[in-house]
Amino acid sequence: MVAPPANQGAAKGKDLRVLLPFSCDSLRIPDDLAEEIGAEKALVVGPSSGKAKAKVRPVEVGRDDDGAFLGRGWPEFADACGVDAGWLLVLRHRGRGVLTVKAFDTSSCLRELGTRPSPADATTSSKDASHRPQFISVLRSNSMEKMLIPAKFVQQYIPKEHLNNHKAIVYGPLGKICPVELEMNGSDMFFAGGWSQFLAFHGITKANALLLRYEGNMLFTVKVFETDGCQRESTRKDIRMQLCIKEQQESPDPSFQKHRKNDWPCSDGEMKLKGSLTCLDKASLQRKSGYEIGPPSWIKKKMNTTNIKRTNLPADFCYAIGFWEGEACTVTLKTSLSSTRSWQVRVLPYKNANHKVGAGWRRFCRENGIKKGDICTFNVIETRLWHVVIARR
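About the criteria used
Residues numbered from 1 in each chain as written. Predicted model: local features only at pLDDT ≥ 70, side-chain atom pairs only at ≥ 80, totals over all residues. Heavy atoms only, no water. Pairing = 2+ DSSP bridges. Helix = DSSP H or I, 4+ residues; strand = E, 2+ residues; numbered from the N terminus. Axes fitted to C-alpha atoms, helices over the stretch in contact; angles between N-to-C directions. Buried < 20%, exposed > 50% of the residue type's maximum accessible area, 1.4 Å probe, protein only. Polar contact = N/O pair within 3.5 Å; in protein donor to acceptor, adjacent residues only side chain to side chain. Core = buried A, V, L, I, M, F, W, Y, C linked by side-chain atoms within 4.5 Å. Contact = heavy atoms within 4.5 Å. Phe/Tyr/Trp six-rings, centres within 6.5 Å; stacked < 30°, edge-to-face > 60°. Lys NZ or Arg CZ within 6 Å of the ring centre and 35° of its normal.

Novice: Would you mind showing me how to read the sheet that holds strand β15 (residues 219-225) here?
Specialist: Hydrogen bonds between backbone groups are what pair the strands of a sheet, and the pairing can be parallel or antiparallel. Spatially, β9-β14-β15-β11-β12-β13-β10 is the arrangement adopted by the seven strands of the open sheet, whose pairing is mixed. Edge strands, defined here as strands with exactly one partner in the open sheet, are β9 (134-138) and β10 (147-149). The average angle at which neighbouring strand axes cross in this sheet is 35°, direction not considered. Here five bridges tie β9 to strand β14 (residues 209-216), and the two strands are oriented antiparallel to one another. In the strand pairing of β14, I136 is matched with L211.

Shown next, in the form of structure tokens:
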């Protein structure tokens, strides 16, 4: 269960997020959040009304023997927002003492502050990620093998045609691609096959709580909160990767729709995934950088005479998928996961620069007939196992 926070030495970071149970008279907050605010007052952003701008309310940041709390001004904020008992809040420090608030009602679903519940409260087409459909899961023992998705969430945001596929993609805080099977039990829907492997990979236990955001086309991103309410920081370097949600919603990838059951997690936890999970438009491929990256973990490159001979990868991308800084490694490339054929390439790190793909790369290009203008999409199945999809010019 999510408990009122105590100071447990959580790592501080920019834009610190905390998950807390709502209380009306005052709100207990982690000491880390109070320290990051660094003042006796916080500015809490309230709900907007129609076209009117959101109001900013000053709220006291106090301390007593039990720790830090939001005091004077908090009851008025809560009343204006219509927050009720049993709700959960996610507070985010935006810097300079400014706090924004997300509220999750007793169904565990995101509720727009100051409004009545409505399917229009959040939409997968929203350009503002904070308004996309989201729900909280406070993990329990029976959530470790399969996890219930709130019925209200399923009814409002999951199209029936997606339910029939019985599959989803979960993208974790470490950039891990995790295919998960959906299990239906009457009107209830669960993350099932592959869910326990996702939790194990990320070290998530029943002491944690999760915030899941629906990006559309059965893709969910996950944030993890610790027992003190603070969001867990990634142990790998953060990388801001484009989701291309609009393209995914309008043109779901046919290869995703055609997954067969044996393309998904096996009983031993091995991850198998066929096809490309990319969603780039033609214009993005013309950018001078020559590549695009995004979650689930992939990188797409347009080939030219230079990178057919030798190519490189952004260092941040390599660190995000699990490479160790300063260490060379061997990556296995496969053009078909159903085939036993593969190619090994050596990835060499350079300090403060891109990683070079060295020995084995020319052979891979030659034996797969890669030419100028072809587009190669590297889907990261495991840190050192990549599925390469080649789109001929």
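Next, the rest of the story.
Novice: Teacher, can you tell me more about the side chain of R213 here?
Specialist: Here R213 shows up in strand β14. R213 sits in the buried class, given a relative accessible area of 14%. Within the structure, R213 has its side chain in polar contact with the side chain of E215 (distance 2.7 Å).

Novice: Just checking my understanding: could you explain the nonpolar core for this structure?
Specialist: As a rule of thumb, nonpolar side chains are buried together in soluble globular proteins. Judged by nonpolar contacts, the single largest core of 29 residues is most densely connected at F153, I158, F191, W195, L210 and F220. At the level of elements, β10, α3 (151-157), β11 (167-171), β12 (177-185), β13 (188-191), α5 (195-201), β14 and β15 are the ones that each hand at least two residues to this core. Discounting residues that sit within four places of it in the chain, L210 has contacts with F135, I136, S137, L139, M147, W195, L199, I204, V222, K223 and V224. Of all hydrophobic cores here, the second largest spans 28 residues; its members include L27, A34, W74 and A78.

Novice: Looking at this structure, how should I read the packing of aromatic side chains?
Specialist: Both the distance between ring centres and the angle between the ring planes are used here to describe each pair of aromatic rings. By the definition in use, this model includes 13 aromatic pairs. The interplanar angle of 20° and the centroid separation of 5.3 Å between the aromatic rings of F191 and W195 together place this pair among those described as stacked. The rings of F135, F153, Y157, F191, W195, F198, Y214 and F220 are connected pair by pair, giving a single aromatic cluster. Sitting over the face of the ring of F190, K146 holds its NZ or CZ atom 4.7 Å from the ring centroid.

Novice: What is the right way to read the environment of D374 from this model?
Specialist: Its location among the elements puts D374 in the loop between α10 (361-367) and β22 (375-382). Not counting the four nearest positions on each side in its chain, D374 is found in contact with K301, K302, M303, G369, A391, R392 and R393. Only 2.8 Å separates the side chain of D374 from the backbone nitrogen of K371, close enough to count as a polar contact.

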